[in-house]
Amino acid sequence: MKRKNLFFVSALILLGLATVNSVKAQNITANATATVNIKIKPVMSIVVRYTSGSSVDLVYATKEAYESGVRVTIDDHLKVFSTGGFIVTVKTDGKFKRGGVDEGAINASDVIVSATAGSNVKDGVTYSAAAGLTSTDPGNTLITATKGGRDLTYDVTYDNTAGKDDKYIDNYIDEDDIDGSVYTAQVTYTITAD
């Protein structure tokens, strides 16, 4: 009888193991999905950089300067980041004034601002014809680019040859300090999507 019970118990154990193995052998799977979006948003920035100091100086310090006017080019003056095509415009807050006074002010249009390729540019860029500064919106278009980019740079020329032929010869005021009479205007560069 013991043998029969032992045989019966052994059969039950073998049947149980076979059942467990068949359960393990079945392929049980489940699925879940996730939606993944890549969102591309527009980002633009423009920075004015100087070769030295924190201003652009058109200096009349020689007889030749008074005769021919003054022109200054600053390499990589504008640095642009844009996620797509863009337009850069330039304008001023008004005339160039000495101490904020209108009397004796120099017309903004006497300064012509133009841009050319700097040390890091891409294809698809158009540079507009140079025009005298204006204070009307949106200003003068300098650069039109069909593609964006990182750390794009542009050289800028400030041309004040309109001051030639001694045009400013009487603009020096004796009471001013050793730096001379300084006529100032704020020039603003704006970047917008193309």
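Residues numbered from 1 in each chain as written. Predicted model: local features only at pLDDT ≥ 70, side-chain atom pairs only at ≥ 80, totals over all residues. Heavy atoms only, no water.

Draft legend 1. Focus on the sheet that holds strand S5 (residues 101-106). Read across the sheet, three strands follow the order S5-S4-S11 without closing on themselves; strand pairing throughout is antiparallel. Edge positions in the open sheet fall to S5 and strand S11 (183-184), since each of these has one partner strand only. (Pairing = 2+ DSSP bridges. Helix = DSSP H or I, 4+ residues; strand = E, 2+ residues; numbered from the N terminus.)

Draft legend 2. Here's a closer look at the packing of aromatic side chains. This model, assessed by the stated rule, comprises three aromatic pairs. Look at Tyr60 and Tyr66: their rings are 5.4 Å apart centre to centre, the planes differ by 55 degrees, and that puts the pair in the tilted class. With relative accessibility at 17%, the residue Tyr60 sits in the buried group. Residue Tyr66 is classed as partly exposed on the basis of its relative accessible area of 22%. Between Tyr60 and Tyr168 the ring centres are 5.4 Å apart and the planes differ by 80 degrees, which places this aromatic pair in the edge-to-face class. Of this pair, Tyr60 sits in the loop between strand S1 (44-48) and helix H2 (63-68) while Tyr168 sits in the loop between strand S10 (149-160) and S11, placing them 108 residues apart in sequence. (Phe/Tyr/Trp six-rings, centres within 6.5 Å; stacked < 30°, edge-to-face > 60°. Buried < 20%, exposed > 50% of the residue type's maximum accessible area, 1.4 Å probe, protein only.)

Draft legend 3. Focus on the pattern of salt bridges. Scanning all chains against the criterion turns up five salt bridges. We note a salt bridge from Arg71 to Asp159, for which the minimum N-O separation is 3.2 Å. With a gap of 88 residues between them, Arg71 in strand S2 (residues 70-82) and Asp159 in strand S10 connect regions that are remote in the sequence. On the basis of relative accessible area, Arg71 is assigned to the exposed category, the value being 55%. Across the pair Lys91 and Asp137 runs a salt bridge, and its minimum N-O distance is 2.3 Å. Note that Lys91 is positioned in strand S3 (residues 86-92) and Asp137 in the loop between strand S8 (131-132) and strand S9 (140-145), a separation of 46 residues in sequence. Assessed through its relative accessible area of 21%, Lys91 is described here as partly exposed. Judged by relative accessible area, Asp137 falls into the exposed class, the value being 63%. (Salt bridge = Lys/Arg side-chain N within 4 Å of Asp/Glu carboxyl O.)

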